[in-house]
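The chain contents come next:
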Amino acid sequence: MSRLSRNSTDQWCGGQLFLCLVLATFGCFSAGQVQASDDSRADFFESKVRPLLISKCHACHSAANDDPAAGLMLDSADAIEESGVVIAGQADDSLLIEAVSYESGLDMPPDQPLSDKERAVLRKWIDDGAFFPDTKPVSGFDLAGRRDSHWAWQPVNPPEIPATGTTASDPIDAFVQKSNGPHDGVDRATWLRRVTFALTGLPPTPDQLKEFLADQRPDAKYRWVNRQMADPEFGVRWGRHWMDLVRFAETYGHEFDYPIPHAWRFRDWVVRSINDDVPFDQFVVEQLAGDLVPSPRRDPLDQTDLSKQGSAFWWLGEAVHAPVDVKDDQAIRVDNQIDVAGKAVLGLTIACARCHDHKFDAISQADYYSLSGILQSTTRSIGWLDPGGKVQQRVDECRRSLDQLQTVAFANPDLVRLDKAEVSNPPADLPTDAELVFDLTQGWPDGCTTEGWAFEPFETDAIPPAVTPSIVPAPDGDPVAIETHPATWLDSRVAGIEAAGVWRSPPFVIKQPHLIYQLAGQDQCEIRLVVDGYFMGDYHTLLFSGMRIKVDQPSAGDDGHWGWQVQGGDLHHYIGHTAHLEVWDPGPGWIGLARVYQSAEAKKPDSPVAPVQLLDAKSVFASQARPDRWASVLQTARSRVYRSGGPRAVPVLQSSKLTGRDVPLAVRGDVHQPGDPVPRSDLTAFRIADVHEDQSSQSGPIDRLELAGRWTDPANPLTPRVAVNRWWHHVFGQGIVASCDNFGVLGQLPSDPELLDHLADRLMRGGWSRKRMVRDFVLSDSFADPSRIQRLEGEAIRDALLTISGRLDRQIGGPSVPIHLTSFMTGRGRPKSSGPIDGQGRRSLFVEVRRNFLSPFMAAFDTPAPSTSVGKRNVSNVPAQALAMLNDPMIDDLLDHWTQTLLKGGPVDDSSATGRLIDSVYMQAFARKPTEQEFAIAEQFLIESESVAVGLRDFVDVLVNTKEFIFVP
C-alpha cells in the first residue's frame, strides 16, 4: 500500500490531491513521448537468430534452394509472415517451435534436433516479437563496395556553416536552426534544472537557484556550466553513461554470481578520467590496451600508473564457472568482448560476422577472427599499482644487496661453479615418455611475459657459455647459508618475499594427461595451468580440479627447497587444447620454477634436484680480506629478501599480453570446425585505400595497442562520429544518429549529416576533449529549446531523492556499497547480508551491481542488464514505475527523512509558516515556486490534514509521483 492510503483518512487522501495537482500542474507531460528501441532486438536477431537459421534451416528453407522443402522459406520477413509458422509474441503457439521441439512428429531439423540453448534462442526471438529486419541482405560480399556505398565509412568532411539569417551564436545553432528555425528558449530556472541534471545528474538546490537567478552578468550561464563541470559529480554522471557501454557489473552472473575482483577500481578510473578530461582518443586507447601503453599516464602526486586500470574494460562481462566445453566458453567470451568494443567505440555490430560474413556491413568473417586472435592473445590478470614507488624502492634495495652478495661469492668461483652438463641433463628416473615443455635452465622461452616485481625478465642473449648461478641467501641456518642455482630459473626471492608478480609462459598444446614440475617455494604462491583462457578456477574447480599447484603443500619440495611435483588434475579431457602456465607470487612468499615436462604417467622423479647448491657462508667468506664485513653484507641481503611488512602494492583488474597467435576461422561459428588461421589484424575496411593508405599492405600481425591506435586514428571516421553522437544523445535526448550503437546499414541515417561531421571534426580539432564538447552543447541556444523533454534515469531519480531528503553522501569512489536485498531477491549466489536500504546515501553509481541481484527499482526505470553494450536505454512509461515510486521501501525511507528535515526548518503552526513550507517543497523538488492554483490546493490539503506532519508526508509523496519530478522539461 502507498503512504497515502496508510497514513490518512482525510477526504483528500484517496486521490483528489494527486489528481488536482497533476491536472493543475503537469498535464503537459505526455507519456506518448517515450518509446522503446528496436536496437536490442536487431542485435539479438543478427548475432543469435540469423546465424541459427542459416546453419540449421536455410539449406532446405531459403531462396537459395531452387525447390524449398514444403514451399517454406525462412530467409525473409515476408516469407516467414506468409508461411504462418511464426506468431509474433507467442512462441508456444508457433508451428516453428512445435517443429523444433520434436514433440509432434514434425521433427525439424530432421537429421539432428536443436540443442536446448538453440531452441531457447528461437523462443526468445518469437516472444519478443519475431523481429526481422526489412532490409534485404546484400547479395554476394563486395567488402570494398559496401564500404564505399555506406555513409559511415566515408571520411569526416567538415561542411560550410549554414547561413540562417538568425543570430545563432554557435555553428551548432546554425545547423539546428536550418531545419527547425529559432525559438524563444526556456526561462532561466528551467534552464538551470535542465543543465544541472545534464551535467551532474543532480537537481539544483534552492540556494544555487537563488544565486544563479541573482547573477545577471552576460556570462552567468558559462560560469555556471564551468562550475558544474569542475564538480567531481560531473564524472559520476557521465561515468554512469559509460558504464552502460562496457556492461559494467561487479559479479560474473551465471549460477553462483561470483565477484569480479576489483571491478570498482575500473569504475573509479572512469570517473576520474572523465573528471580529468582525458582526451577521448586516449581514454579509448587505455581501455583497449592500457597495459601496453609505453608511456602511461601518471598521477601528478604519487606517479601511480593511471593507464593500466583501463584495460579491465575487456573483463567485465559474464562468465561461466564450470563450462563443459571450454573452447566454446572462450569463443562466447571473446564474442562478447568484440561485440562490446565494436559497438562502444565504432558503433558497429562486428559480432554479427562470427558465423558468416556480415549480411549488411563491410565486415567479413575473417575480420571477426582477426580480432578474435588479438583477444585470444590476451589474458585476464590481476596487476599491481605502486603509489609513490615505495614497493619499487624496496625491490631495488633487495636487488642491490644481492648484487653485493654475488660480488663476494663470485670471488671464489670454485664454490659456485655450475656444471653445464649436469645442469642440462634430465633426472634419470623421469618417465621415459616425458616430453620437455619448458626448460628455464636454457633461458626463458620466447614469448613469456611478466607483471609486477617478483620476476625480473631475463634476456636470453646474455647467457654466457658457462651457466651463471643465481645467489640467494637461504632463509635460515647457523651460519647463514647461500643457495645457488642457474640464474635463468624463476626465483621470486630476488625481489624480496613481499614483492608480488606473475610470470606467464608462451602457449603450448597439451599432448599428455600429466604435467611434471621442478619447483620450489613457500606460502601461498602457486602455478596455474590456464586452458583456453579459462580463469574461473579462482572460484570453482568443478571440471578443472588440480589445475593449480600451491607450493606450500608438502609435495612441493622439502621445506620450500627444490623438488618435483605432478599436476594434480588429469588432463586427458584437454589433450589438443591450447594452454599456458602462470607462476603467481601474490606476496608474501616466494616461488621458483626450473623445468616442466608432460607425460602419460603421473610419476615424479625421486632423484634430488640438481644443480642446487647450499653453501656454508663461512667457507665462502674465508678467502675474503674482511670476512666480518661480508658476513654483514650477507645478513643485510637476507633481511631484505625475507623481511615482511612495509608498503604493499594495490591490486587491480587488468589485461595482460600473451604470446601472439593467430586463430582459425570457425566454420559457421563452430570452434570445433576450424578453418585456416586468420592473421591478427584490424577490420579490412580500415586498411584499404583512402582510410589508412600507409597501412594498405600490412607487414605483420598486430596487438591490442596497434589496434587501439588504428581505432583512434584521425583518419578513422567512425570513432569521433560515434563519440559526439553519444554525447549529443545524452544532452539532447536523441542522437543525430538515433541508433547510437549501430552506424551500419541496419542503423538509422543521421538526421543532419553535416552537423554530425561538423561535431566530429570539432572534437578532433579540440584535442578530443569531452568537456569542451559537452560545454558547447549545453551553452548552445538549441539546448534551451522549450519543446524538449527528457525522462530521468532511475539513477538520477534516486540521486535526486537523496539530495532533497538531505541524505546524499558526496563521497567519490571506493568499494561499492552492498546492494539492498528484498525478500524477493533469492537464488544461488545471494549475499549473506543485505546492504542498507538507502545505500548509505551514496550516489547510485557507487552501489554494488550484482548481475543476479539487480536493483528492482533501477530495472523498473530501464537500467539495462549488464550483458552487452547499451548506448541508448529504453525509455518506457509503465505502471511498474508508478508503483515503485509509491511503494518502494527506499522511496518510503527517503521521503520520511525529507519530511523530518522540512519539519526541523522552523515552526509550522501558522499560515505564513505553511506557505514557506509549500514554497520550500516546490523549490527543492522542481526548482520553482508553486503557481497560485498549486499553492491553494497544497495549503488547503495541509490545513485539513489531521496534523502538519502527516499532511506534509503525504504531500511530498504526491509531488515525487508527478511527471515533473521524473521528467526534465
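Heads up: the structure comes first, above all this text.
In this text, all values refer to a predicted model and were calculated from it rather than measured experimentally.

## Thoughts on the overall build of the chain
Working step 1: Within the chain, the regular secondary structure consists of 33 helices and 20 strands.
Working step 2: The 969 residues of the chain split such that 57% are buried.
Working step 3: Residue pairs in contact within the chain that sit at least 24 positions apart in sequence constitute 77% of those at least 6 positions apart.
Working step 4: Accessible surface, the chain: about 39,400 Å² in total, of which carbon and sulfur atoms supply 51%.

## Observations regarding the packing of helix 11 (residues 220-230) against helix 25 (residues 770-779)
Working step 1: Close contact between helix 11 and helix 25 brings their axes to 11 Å; oriented N to C, the two are set at 140°. Once helix 11 is placed against helix 25, the crossing between them reads as right-handed. Where helix 11 approaches helix 25, its residues Lys221, Tyr222, Val225, Asn226 and Met229 are matched on the opposing element by Lys771, Val774, Arg775, Val778 and Leu779.
Working step 2: In terms of residue class, the contact of helix 11 with helix 25 is built from 6 nonpolar, 1 polar and 3 charged.

## Focus on the pairing of strand 14 (residues 589-599)
Working step 1: Burial analysis of strand 14 places 11 of its 11 residues in the buried class, which makes it a mostly covered element.
Working step 2: Pairing of strand 9 (residues 514-523) with strand 14, which is carried by 10 bridges, proceeds in the antiparallel orientation. Counterpart to glutamine 518 in the pairing with strand 14 is arginine 595.

## A few points about the side chain of serine 805
Working step 1: Within the element layout of this structure, serine 805 appears in helix 26 (residues 794-805).
Working step 2: Owing to a relative accessible area of 0%, serine 805 belongs among the buried residues under this scheme.
Working step 3: A polar contact of 2.9 Å, which involves the side chain of serine 805, links it to the backbone oxygen of leucine 801.
Working step 4: A polar contact is formed between the side chain of serine 805 and the backbone oxygen of leucine 802, at a distance of 3.1 Å.
Working step 5: Beyond its immediate stretch of four places on either side in the chain, serine 805 contacts Leu894, His897, Trp898 and Thr901.

## Looking at the environment of aspartate 809
Working step 1: The residue aspartate 809 is located in the loop between helix 26 and helix 27 (856-860) in this model.
Working step 2: Accessibility expressed as a relative area gives 29% for aspartate 809, which makes it partly exposed.
Working step 3: In sequence terms aspartate 809 and arginine 842 are 33 residues apart; their C-alpha atoms lie 5.0 Å from each other.
Working step 4: Contacts of aspartate 809, omitting those with residues within four sequence positions, involve Gln840, Gly841, Arg842 and Arg843.
Working step 5: Engagement of the side chain of aspartate 809 in a polar contact is seen with the backbone nitrogen of glutamine 811, the distance being 3.0 Å.

## Remarks on the nonpolar core
Working step 1: Ranked by size, the top nonpolar core spans 178 residues in total, and within it Trp191, Phe266, Leu529 and Trp711 carry the most contacts.
Working step 2: Each residue touching phenylalanine 266, except ones within four places of it in the same chain, is listed here: Met243, Val246, Phe248, Gln287, Gln309, Gly310, Ala312, Phe313 and Leu316.
Working step 3: Leu808, Leu895, Leu952 and Phe967 belong to the second largest nonpolar core, which has 40 residues in total.

## A look at helix 26
The periodicity of an α-helix, 3.6 residues per turn, causes residues three or four positions apart to be oriented the same way.
Working step 1: Here helix 26 is 12 residues long and its end C-alpha atoms lie 17 Å apart, about the 16 Å a rise of 1.5 Å per residue gives.
Working step 2: Looking at helix 26, one finds that the buried residues are Gly794, Glu795, Ala796, Ile797, Arg798, Asp799, Ala800, Leu801, Leu802, Thr803, Ile804 and Ser805.
Working step 3: Phi turns positive, to about 85°, at glycine 806, one or two residues after helix 26.

## Regarding the packing of helix 12 (residues 233-245) against helix 13 (residues 263-275)
Working step 1: Two elements in contact, helix 12 and helix 13, have axes separated by 8 Å at closest approach and are oriented at 125°. Between helix 12 and helix 13, the angle is such that the two are oblique. Handedness of the helix 12/helix 13 crossing: right-handed. Between helix 12 and helix 13, the residues in contact are Phe234, Gly235, Val236, Trp238, Gly239, Trp242 and Met243 and Phe266, Arg267, Val270, Val271, Ile274 and Asn275, respectively.
Working step 2: Here the contact of helix 12 with helix 13 is composed, by residue class, of 9 nonpolar, 3 polar and 1 charged.

## Remarks on the packing of aromatic side chains
Working step 1: Counted under the stated rule, the structure contains 34 aromatic pairs.
Working step 2: Between phenylalanine 280 and phenylalanine 283, the ring centres sit 6.0 Å apart and the planes meet at 35°, which makes this aromatic pair tilted. With phenylalanine 280 and phenylalanine 283 both in helix 14 (residues 280-289), this residue pair falls 3 residues apart, about one helical turn.
Working step 3: Judged by relative accessible area, phenylalanine 283 falls into the buried class, the value being 0%.
Working step 4: Ring geometry for tryptophan 728 versus phenylalanine 732: centroids 4.0 Å apart, planes at 25°, classification stacked. Taken as a pair, tryptophan 728 and phenylalanine 732 lie in helix 23 (residues 718-732) at a separation of 4 residues, close to a single helical turn. By the burial criterion, tryptophan 728 is buried, and phenylalanine 732 matches it.
Working step 5: Chaining the aromatic ring pairs together yields one cluster made of Trp242, Phe266, Trp269, Phe280, Phe283 and Trp727.
Working step 6: Taking NZ or CZ as reference, arginine 188 lies 4.3 Å from the ring centre of phenylalanine 212, over its face.
Working step 7: Stacked on the ring of tryptophan 584, the Lys or Arg arginine 528 has its end atom at 4.3 Å from the ring centre.

## A word on helix 32 (residues 948-960)
Working step 1: The end-to-end C-alpha distance of helix 32 is 18 Å, a good match for the 18 Å that 13 residues give at a rise of 1.5 Å each.
Working step 2: Most of helix 32 sits inside the fold, with 11 of its 13 residues counted as buried.
Working step 3: For helix 32, every residue scored as buried is listed here: Val950, Gly951, Leu952, Arg953, Asp954, Phe955, Val956, Asp957, Val958, Leu959 and Val960.

## Here's the deal with the environment of valine 745
Working step 1: By the element assignment, valine 745 lies in the loop between helix 23 and helix 24 (753-765).
Working step 2: Classification of valine 745 by relative accessible area gives partly exposed; the value is 31%.
Working step 3: Between the alpha carbons of valine 745 and tryptophan 151 there is a distance of 9.1 Å; along the sequence they are 594 residues apart.

## So, a nonpolar patch on the surface
Working step 1: A grouping of Val324, Leu542 and Leu543 is seen on the molecular surface, where their side chains present a nonpolar patch of about 320 Å² in accessible area.
Working step 2: Within the secondary structure, leucine 543 is located in the loop between strand 10 (526-531) and strand 11 (548-550).
Working step 3: For leucine 543, a relative accessible area of 42% translates into the label partly exposed.

## Side note on the pattern of salt bridges
Working step 1: Per the counting criterion, the structure on display carries 56 salt bridges.
Working step 2: Salt-bridge contacts for aspartate 116 lead to arginine 119; the nearest nitrogen and oxygen are separated by 2.4 Å. Placement of the pair is aspartate 116 and arginine 119 together in helix 6 (residues 116-127), with a separation of 3 residues, close to one helical turn.
Working step 3: By relative accessible area, which is 59% here, aspartate 116 ends up exposed.
Working step 4: Of the charged contacts, one joins arginine 237 and glutamate 793 as a salt bridge, the two residues approaching to 3.0 Å between their closest N and O atoms. In this pair, arginine 237 sits in helix 12 while glutamate 793 sits in the loop between strand 19 (790-791) and helix 26, placing the two residues 556 residues apart along the sequence. Just as arginine 237 is buried, glutamate 793 falls in that class too.
Working step 5: By sharing partners, the salt bridges in this structure join Arg380, Glu526, Arg528, Asp538, Arg548 and Lys550 into a single network.

## A few points about the state of the cysteines
Working step 1: Taken as a whole and judged by the stated rule, the model has 0 disulfides.
Working step 2: With no disulfide partner, cysteine 355 has as its closest neighbouring cysteine sulfur the one in cysteine 352, 9.6 Å distant.

## Notes on unusual backbone geometry
Working step 1: With an omega of -5°, the peptide bond between glycine 587 and proline 588 qualifies as cis.
Working step 2: For proline 588, the location among the structural elements is in the loop between strand 13 (578-585) and strand 14.
Working step 3: Phi is positive for histidine 262, which is not a glycine, with a value near 60°.
Working step 4: For histidine 262, the position within the fold is in the loop between helix 12 and helix 13.
Working step 5: Given a relative accessible area of 25%, histidine 262 falls into the partly exposed group.
Working step 6: The phi dihedral of arginine 668 is positive, around 55°, even though this residue is not glycine.
Working step 7: By the secondary structure assignment, arginine 668 is in the loop between strand 17 (663-666) and strand 18 (674-678).

Quick notes on the rules
- Residues numbered from 1 in each chain as written.
- Predicted model: local features only at pLDDT ≥ 70, side-chain atom pairs only at ≥ 80, totals over all residues.
- Heavy atoms only, no water.
- Helix = DSSP H or I, 4+ residues; strand = E, 2+ residues; numbered from the N terminus.
- Buried < 20%, exposed > 50% of the residue type's maximum accessible area, 1.4 Å probe, protein only.
- Contact = heavy atoms within 4.5 Å.
- Areas by Shrake-Rupley, 256 points an atom, 1.4 Å probe, with all protein chains shown as cover.
- Axes fitted to C-alpha atoms, helices over the stretch in contact; angles between N-to-C directions.
- Left-handed = near helix turned anticlockwise from the far one by under 90°.
- Nonpolar A, V, L, I, M, F, W, Y, C, P; charged D, E, K, R; others polar.
- Pairing = 2+ DSSP bridges.
- Polar contact = N/O pair within 3.5 Å; in protein donor to acceptor, adjacent residues only side chain to side chain.
- Core = buried A, V, L, I, M, F, W, Y, C linked by side-chain atoms within 4.5 Å.
- Expected span 1.5 Å × (residues − 1).
- Parallel < 35°, antiparallel > 145°, perpendicular 65-115°, else oblique.
- Phe/Tyr/Trp six-rings, centres within 6.5 Å; stacked < 30°, edge-to-face > 60°.
- Lys NZ or Arg CZ within 6 Å of the ring centre and 35° of its normal.
- Patch = residues over 30% accessible without salt bridge, like charges linked within 9 Å, V, L, I, M, F, W, Y side chains within 5 Å.
- Salt bridge = Lys/Arg side-chain N within 4 Å of Asp/Glu carboxyl O.
- Disulfide = S-S within 2.5 Å.

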